[in-house]
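Each chain, letter by letter, is given below.
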Amino acid sequence: MSDATHPAAHKSPARSLHQLDARTKRRNASERRFKVMGIVAIGIGLAFLVLLLSTIVINGSTAFQQTFIKVPVYLDPAKLDKSGNRDPDDLKKATTFTYAPLVQNGLLEVVQKAGFGSELSKSDMKNLISASAASQVRDRVLADPSLIGKTVDFEIFASSRVDGYLKGRVHRDEIALDKNISVAQLDLVDSLRKDGALHKGFNWTFIFGADASDSRAEQAGIGIAMLGSFYMMLVVLVLALPIGVAASIYLEEFAKKNRFTDLIEVNISNLAAVPSIVFGILGLAAFIQFAHLPQSAPLVGGLVLTLMTLPTIIISTRAALKAVPPSIRDAALGVGASKMQSVFHHVLPLAMPGILTGTIIGLAQALGETAPLLLIGMVGYVATNTPEGFWDGFVSPNSAMPAQIYEWAKRADPAFYERAWGGIIILLIFLLGMNLIAIILRRKFERRW
Amino acid sequence: MNDMTLTERAVNATDCKITARNVQVYYGETHAIKDVDVDILDKTVTAFIGPSGCGKSTFLRCLNRMNDTIDICRVKGEILLDGEDIYDKRVDPVQLRAKVGMVFQKPNPFPKSIYDNVAYGPKIHGLTRNRAELDEIVEASLRKAALWGEVKDRLQAPGTGLSGGQQQRLCIARAIATSPEVLLMDEPCSALDPIATAQVEELIDELRTNFSVVIVTHSMQQAARVSQKTAFFHLGNLVEYDETDQIFTNPTDPRTESYITGRIG
């Protein structure tokens, strides 16, 4: 063939390399078109990302600020401690109903100092401060009984309407039908602000506090839900990581390839695509109705999320194990290592970055999961206090961050809506943190060969 | 090229180390090795030659049961190491592989330090009682693999940072660190340049004083240079097995002659 002369017809006419032929031009044009489309696609994606993040930040950042009113409260010993011996058990008998008038007297003083008072009724003034004021004062007194008999300045939460007025959410011309706030009250707020009795400050309660009832939006915080999420993540990590990694190592390295393991493999892939609410109802039936585990408990939430995360971890771990070159296994077996030694001494360390990345992405997915929690009762106003001790955190009713956000988003008061956005910011910070950890671990464990 | 034969070594090579009788290997439905009978002598380099896919690597991997790791592979027949059947139910392949070491086609050092690469085998087999003994084995193995001089100052450097030829010698050092009796080499020089190849060939010839070496190679010059016995495989059959000189100068089977003269392959 090589020495046969080519027919002249097959010879292309001599052409300069400096001149592109039509075919090359077409090919180059199509490549350019494809590149432009890719850039446009990435641009659209980035634009949406910027839109999303800026919306979240704009709507949510106000949740981290809260209006406080400085109220001097005279803690009258005649009312709070009738026996006079400062016995904590006796002090507990004084309920918030005993404290409420004291707070009101203090507020009246503030209002009068600002030059108001006669025009506003007592109930009008009550609307200025949070309904939580009395319990706020009571908690402080129970923690430190020596305060009784003194006049103490308290930073009382302003009500959500007052707070909204300072944040520009509530406008004078829109409040005609609002029975929780009036123009006269807003005038008072303005003059209190001038006096310095009313000011905005950083809202630690939002980050560390518990959720509050519908009428106390200003007191609601995500802290307890954060604890709930933390306990669930502990359960998921402790269960899903060892089970998932062990299952994948067995399937990938030890199990014979037969119809049964094929079936398992297909099922694992399918489980990864099962809607999370299905896992929720499974958890309700299996863990709560059948196993009688406590409702709304992070333990149950963690178990459900473990089931949901396992396929993700198994799939990514198997991919990481597959990516280890077979020559490493041969090398280990060749010097007489057992199968298990070859896996644990050589394959697993090399697969570690992939396994950790998969696990953390699985955890992040579980952290943001809401639907299954709705079914096992981990939603809404369920926990008002931090759990008593570490173990209690697993079984005492609690919520989780995404469920808390969902709960706030459906409540009426716009202050809750603002907190829902704020909650999303905190959730995103956690997710970013977890992804950062994944990246750092991957860098740390990465070995080159 | 045949004039490049390595210096003759006086080695007593009459004992039979491995005896294979009537060996059949199946990959699923494929009959990969058919009726192979072969006697591999102690302290001898035996070369397996033959065209690609003829089964020489498969047969080599039967000798230390590396084929066990392939699910669909079945081995029938009898392979005796010092008179003991290595496919007996009582044999643990792990113990067998400590006796029958292997060097692979592509250098595959562990992504660990040079020292750890060599020390791994002795460590897992519990051959040493303390660090000093381990150091001794590592040094001796690296010396035997003709690598000691090049790496003695950087034993903690990663083994993967060495050049290709050095990596392959490191793999040989790793294989001989467990003091095996047989060393299997599956095309150990095919990924190396001519200089590294010459070094490894020199090394193989030296190893003959201590071990029985079986080498699979595609290079007939290599087989002629390093081996004393040569087996020619074709389509899963052992066509001819004889003294290397005999195979290359006066083959009895026409297929062998066609292969070594370059007409099939």
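In every chain, residue numbers begin from 1 and rise along the written sequence. Labels are handed out in written order, letters beginning with A for the chains and numbers beginning with 1 for the ligands. With the structure being a predicted model, the display of local features is reserved for residues of pLDDT at least 70 and the display and counting of side-chain atom pairs for 80 or more, all residues being used for whole-chain, interface and lining totals. Think of the side-chain values as coming from all heavy atoms in the structure, minus any hydrogens and water.

Undergrad: Looking at this structure, I do not really get helix α19 (residues 414-445) of chain A. What am I missing?
TA: Given 3.6 residues per helical turn, the α-helix brings residues three or four places apart onto the same face. The helix and strand labels rest on DSSP assignments: H or I over at least four residues marks a helix, E over at least two residues marks a strand, and numbering proceeds from the N terminus. A helix is expected to reach a length of 1.5 Å times the quantity of its residues less one. In this model α19 of chain A runs 47 Å from its N-terminal to its C-terminal C-alpha over 32 residues, within 8% of the 46 Å that 1.5 Å per residue would give. N or O atoms closer than or at 3.5 Å make up a polar contact, with two conditions inside protein: a donor-capable atom paired with an acceptor-capable one, and, for residues adjacent in sequence, both atoms drawn from side chains. Capping the start of α19 of chain A, Asp-413 of chain A holds a side-chain oxygen 2.8 Å from the backbone nitrogen of Ala-415 of chain A, two or three residues further along.

Undergrad: I would appreciate a short explanation of the packing of helix α3 (residues 114-125) of chain B against helix α4 (residues 131-144) of chain B in the present structure.
TA: The description of two packed helices rests on the angle between their axes and on the distance between the axes. Residue and element names in this part refer to chain B. Here an axis means a line fitted to C-alpha atoms, over the contact stretch when the element is a helix, while the angle between two N-to-C directions is reported on a 0 to 180 degree scale. For the pair α3 and α4, the least separation of the axes is 9 Å and the interaxial angle reads 110°. By the angle class used here, α3 and α4 are roughly perpendicular. Between α3 and α4 lies a crossing of right-handed hand. Counting all contacts with α3, which are made through Ile-114, Tyr-115, Val-118, Ala-119, Pro-122 and Lys-123, the residues of α4 involved are Arg-131, Leu-134, Asp-135, Ile-137, Val-138, Ser-141 and Leu-142. Here is the rule for angles: anything less than 35 degrees is roughly parallel, anything more than 145 is roughly antiparallel, 65 through 115 is roughly perpendicular, and the remaining ranges are oblique. Two helices that cross are described as forming a left-handed crossing if the nearer one is turned anticlockwise from the farther one by less than a right angle, and a right-handed crossing if clockwise. We call two residues in contact whenever any of their non-hydrogen atoms come within 4.5 Å of each other.

Undergrad: Would you take a moment to explain the packing of α4 of chain B against helix α6 (residues 164-176) of chain B for this structure?
TA: Residue and element names in this part refer to chain B. One can describe the packing of α4 onto α6 by two numbers: an axis separation of 8 Å at closest approach and a directional angle of 130°. By the angle between their axes, α4 is oblique relative to α6. Of the two possible hands of crossing, α4 and α6 adopt the one that is right-handed. Here Ser-141, Leu-142 and Lys-144 of α4 come into contact with α6, specifically with Leu-170, Ala-173 and Ile-176. Basically, the charged four are Asp, Glu, Lys and Arg, the nonpolar ten are Ala, Val, Leu, Ile, Met, Phe, Trp, Tyr, Cys and Pro, and anything else, Gly included, counts as polar. Here the residues of the contact of α4 with α6 sort into 4 nonpolar, 1 polar and 1 charged.

Undergrad: I keep staring at the nonpolar core and nothing clicks. Help me out?
TA: Generally speaking, soluble globular proteins have nonpolar side chains that are buried together. Here, the term nonpolar core denotes a set of buried Ala, Val, Leu, Ile, Met, Phe, Trp, Tyr and Cys residues that are joined through side-chain atoms within 4.5 Å. Exposure classes here rest on a 1.4 Å probe applied to the protein chains alone. A residue is buried below 20% of its type maximum, exposed above 50%, and partly exposed in between. Ile-222 and Ile-426 of chain A are the most contacted members of the largest nonpolar core, which has 49 residues in total. Those elements that provide at least two residues to this core are α9 (204-208), α10 (223-254), α12 (276-290), α13 (298-322), α15 (339-367), α18 (401-409) and α19 of chain A. At 10 residues, the largest contribution of residues to this core is made by α19 of chain A. Among all residues touching Ile-222 of chain A, those that are not within four sequence positions of it are Phe-206, Ile-207, Gly-209, Met-401, Gln-404, Ile-405, Trp-408, Gly-423 and Ile-426 of chain A. In terms of nonpolar packing, the next biggest core, distinct from the first, is built from 42 residues, Leu-142, Leu-155, Leu-192 and Val-213 of chain B among them.

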